[in-house]
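Listed below, chain by chain, are the residues.
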Amino acid sequence: MGYIGALDQGTSSSRFIIFNQSGQIVGQEQLEHSQILPKAGWVEHDGAEIWRACISVITGALKKAGIKGSDLNSIGITNQRETTLIWDKSTGLPLHNAIVWQDTRTAEFLNALSDQVKEKIVYKTGLAIAPYFSASKINWLIKNSPAVALAIKDGRALAGTIDSWLLWNLTGGVNGGVHYTDVTNASRTLLMDLESLDWDSELLEIFEIPRQILAEIKSSSQVYGHSQISGPLASEVPISGILGDQQAAMVGQTCFELGESKTTYGTGNFALLNTGTSIVRSKHGLLTTLCYKFGEDKARYALEGSVAVTGSAIQWLRDQLGIITSAPQVEELAKSVSDNGGVYFVPAFSGLFAPYWRSDARGVIVGLSRAATKAHLARAALEAICYQTRDVLDAMSADSKVALTEIRVDGGITANELCMQMQADILGVEVIRPVIIETTALGAAYAAGLATGFYKDTSELKAKWREDRRFMPDKTSALATTGFKNWKKAIEKTLNWLD
Ligand code: ADP
């Protein structure tokens, strides 16, 4: 018996979810944090606010589950990836706001790199040249924050992705917190060599980053340290799983076999395909990334199609346009019309990610006529989620030379049945939703439980996966044909917008 806690620190909110041995949720708490938008294209988070939110969701979830911290077998951490924080190890405070993955302030720095350097970076890391990843964010902080530069000079600065900030705080912070990260998070920085699984000297030099400020890279499943009696868990619980959110969802969906894939629908959309122990390099605009590494086992790799804006376009309809008052309401509004009325919406708010990788692109709404309404726009926003996903899944089929027959989905948007049906129609394949759509947290819990023996092995985890609903494609749908053709035309209109 016993429980496992998963701390899921996402782009919009932080959650602590408590699972029992059969993987059922027995208590959870969630809290949003501020999105700080100092300028167009800049997105920041306050690291201290995030840590406070984590303390609050941990205590809240324990209370709801009616258990104590000491009832937890272990804790797993999963996090928004790439978002980068630099803090002072002597005060325990951030030296600057975290720069979020969506932030585009470093595009110019990256564009100025020579083609030869760009090629080297892409080969060593499997990623693309984009402000999305951590390295150029760290470079920016060192160059633009005098507090960061001084702390580095004095040997007080620690840098890392959000997992490392949370682990450091949970294990004691200024009183001996450990500074580690896992391979999946490190694989998103543009600083780790995919083969050696270590920080690469040449890459550190290109981005002018001193190695000593970075966390030590560990596997995704091992005991990194223990929580503190004085902390939110009020007991010494092993922290034994760390995975970036998308890789955690792969583990939560139990995609442990070569060729298995999942697509997560959240703030952005992320499709990952397990490529086993081999590093497969994409010819169609996908990323090569770490999938997971359990303890001493060999690392598993993945191909990834990342879409920057999907759920956040729904938030935009809610917060900026005010045409809905809650995200789920978009379904009702979209259903009030039978089609998009010719309206296409490409939410390229921060450029286009996979498979295009165009930071010069910006969003467009095209095909407007006098008859267009907010309902058509709502429908176009849901279609955009699905068309963008088709773009990356087409690239995945082209790279792997395997045609998809079905996809496993998860994430907040998968509660939207209209959107899931559109996805099946646009792809022409079955879309399968599991009972637990909180697969990110579940994956972190699985990684933690594997390290402590709470779970025996991956076969035990696979046996727990349960299907909730299967959306069957309508093979006659015009969305897959005319719709997709028009979508591609709309994409053309977003390009070359920024000089
Ligand atoms: P994340 O983990 O990235 O924070 P979640 O998986 O919690 O994301 O999903 C939240 C996102 O999904 C938000 O961007 C929200 O706008 C969107 N969303 C939530 N419910 C729905 C819905 N029923 N229909 C469409 N979008 C939704």
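Peer 1: Kindly report on the overall build of the protein chain, identifying the contributing residues and their values.
Peer 2: Each helix and strand counted, the protein chain has 16 helices and 21 strands in total. Against the compact-globule benchmark of 23 Å for 499 residues, the protein chain has a radius of gyration of 22 Å, which places it among compact chains. Its C-alpha atoms give the protein chain principal-axis dimensions of roughly 65 × 55 × 45 Å. Buried residues in the protein chain amount to 61% of all 499 residues. A separation of at least 24 residues holds for 71% of the contacts in the protein chain among residues at least 6 apart in sequence. Of the accessible surface of the protein chain, which amounts to about 19000 Å², a share of 51% is contributed by carbon and sulfur atoms. One finds the centroid of the 47 positive side-chain charges in the protein chain at a distance of 2 Å from the centroid of its 53 negative side-chain charges.

Peer 1: Lay out helix α1 (residues 47-65) in plain terms, naming residues and giving numbers.
Peer 2: Helix length check: α1, at 19 residues, gives a terminal C-alpha distance of 27 Å against a target of 27 Å (1.5 Å per residue), a fit within 8%. For α1, every residue scored as buried is listed here: G47, A48, E49, I50, W51, A53, C54, V57, I58, G60, A61 and L62. The N-terminus of α1 is capped by D46, whose side-chain oxygen sits 2.9 Å from the backbone nitrogen of A48. Remark: G66 follows α1 within two positions and exhibits a positive phi of approximately 70°.

Peer 1: Please provide a residue-by-residue account of the pairing of strand β12 (residues 238-244), values included.
Peer 2: Of all seven residues in β12, seven are buried, a share of seventy percent or more. Bridge analysis of strand β5 (residues 72-79) against β12 gives five bridges, and the strand direction is parallel. Within β12, the residue paired with G76 across the bridge is G241. Sheet topology places strand β11 (residues 221-226) next to β12; three bridges connect them, and they run antiparallel. The partner of G225 across the bridge, within β12, is I239.

Peer 1: Help me get a handle on the packing of helix α9 (residues 245-252) against helix α14 (residues 439-452), residues and values and all.
Peer 2: As a packed pair, α9 and α14 sit with axes 7 Å apart at the nearest point and diverge in direction by 75°. Between α9 and α14, the angle is such that the two are roughly perpendicular. Facing D245, A248, A249, V251 and G252 of α9, the residues of α14 in contact are T439, T440, L442, G443, A444 and Y446.

Peer 1: Lay out the site of the ligand with the relevant residues and their values.
Peer 2: S12, T267, G311, G412 and N416 are the nearest of the 16 residues found near the ligand. The contact in question runs from an oxygen atom of the ligand to an N or O atom on the side chain of S12, over 3.2 Å. Contacts to the ligand include Q315, whose side-chain N or O atom sits 3.3 Å from an oxygen atom. Considering the ligand on its own, with 580 Å² of exposed area, one finds that the protein chains cover 83% of that surface. By residue class, the composition of the shell around the ligand is six nonpolar, nine polar and one charged.

Peer 1: Before we move on, could you go through the pattern of salt bridges and cite the residues and values that matter?
Peer 2: Here the structure, examined in full by the defined rule, presents 32 salt bridges. Notably, a salt bridge pairs E304 with R188, separated by 2.9 Å at the nearest N-O pair. Here R188 lies in the loop between α7 (183-186) and α8 (201-206) and E304 lies in strand β16 (residues 300-307), a separation of 116 residues in the sequence. In this pair, the class of E304 matches that of R188, namely buried. Each of R81, E82, R188, D245 and E304 takes part in salt bridges that share partners, so that together they form one network.

Peer 1: Would you mind going over the packing of aromatic side chains in detail, with residue names and values included?
Peer 2: Scanning all chains against the criterion turns up 24 aromatic pairs. The interplanar angle of 70° and the centroid separation of 6.2 Å between the aromatic rings of F256 and F294 together place this pair among those described as edge-to-face. Linking F256 in the loop between α9 and β13 (261-265) with F294 in the loop between β15 (287-292) and β16, this pair joins segments that are 38 residues apart in sequence. We classify F294 as buried; its relative accessible area is 11%. Between Y446 and Y455, the ring centres sit 5.4 Å apart and the planes meet at 85°, which makes this aromatic pair edge-to-face. By relative accessible area, which is 1% here, Y455 ends up buried.

Peer 1: Tell me what's going on with the sheet that holds β5, and back it up with residues and numbers.
Peer 2: One open sheet accounts for six strands, arranged β3-β2-β1-β5-β12-β11; its pairing is mixed. The sheet is open, and its two borders are formed by β3 (25-32) and β11, each paired with just one other strand. Here the strands of the sheet are splayed against their neighbours by 25° on average, with no regard to which way each runs. As judged from the seven bridges shared by strand β1 (residues 3-9) and strand β2 (residues 13-20), these two strands associate in the antiparallel manner. Pairing of L7 across the sheet is with F16, part of β2. Lying over the sheet, helix α6 (residues 162-170) contacts β1, β5, β11 and β12, oriented at roughly 150° with respect to β5.

Cut-offs and rules
- Residues numbered from 1 in each chain as written.
- Predicted model: local features only at pLDDT ≥ 70, side-chain atom pairs only at ≥ 80, totals over all residues.
- Heavy atoms only, no water.
- Helix = DSSP H or I, 4+ residues; strand = E, 2+ residues; numbered from the N terminus.
- Rg over C-alpha atoms; globule rule 2.2 N^0.38 Å.
- Buried < 20%, exposed > 50% of the residue type's maximum accessible area, 1.4 Å probe, protein only.
- Contact = heavy atoms within 4.5 Å.
- Areas by Shrake-Rupley, 256 points an atom, 1.4 Å probe, with all protein chains shown as cover.
- Lys, Arg positive; Asp, Glu negative; His and termini not counted.
- Charge placed at Lys NZ, Arg CZ, Asp CG, Glu CD.
- Expected span 1.5 Å × (residues − 1).
- Polar contact = N/O pair within 3.5 Å; in protein donor to acceptor, adjacent residues only side chain to side chain.
- Pairing = 2+ DSSP bridges.
- Axes fitted to C-alpha atoms, helices over the stretch in contact; angles between N-to-C directions.
- Parallel < 35°, antiparallel > 145°, perpendicular 65-115°, else oblique.
- Near = heavy atom within 4 Å.
- Nonpolar A, V, L, I, M, F, W, Y, C, P; charged D, E, K, R; others polar.
- Salt bridge = Lys/Arg side-chain N within 4 Å of Asp/Glu carboxyl O.
- Phe/Tyr/Trp six-rings, centres within 6.5 Å; stacked < 30°, edge-to-face > 60°.

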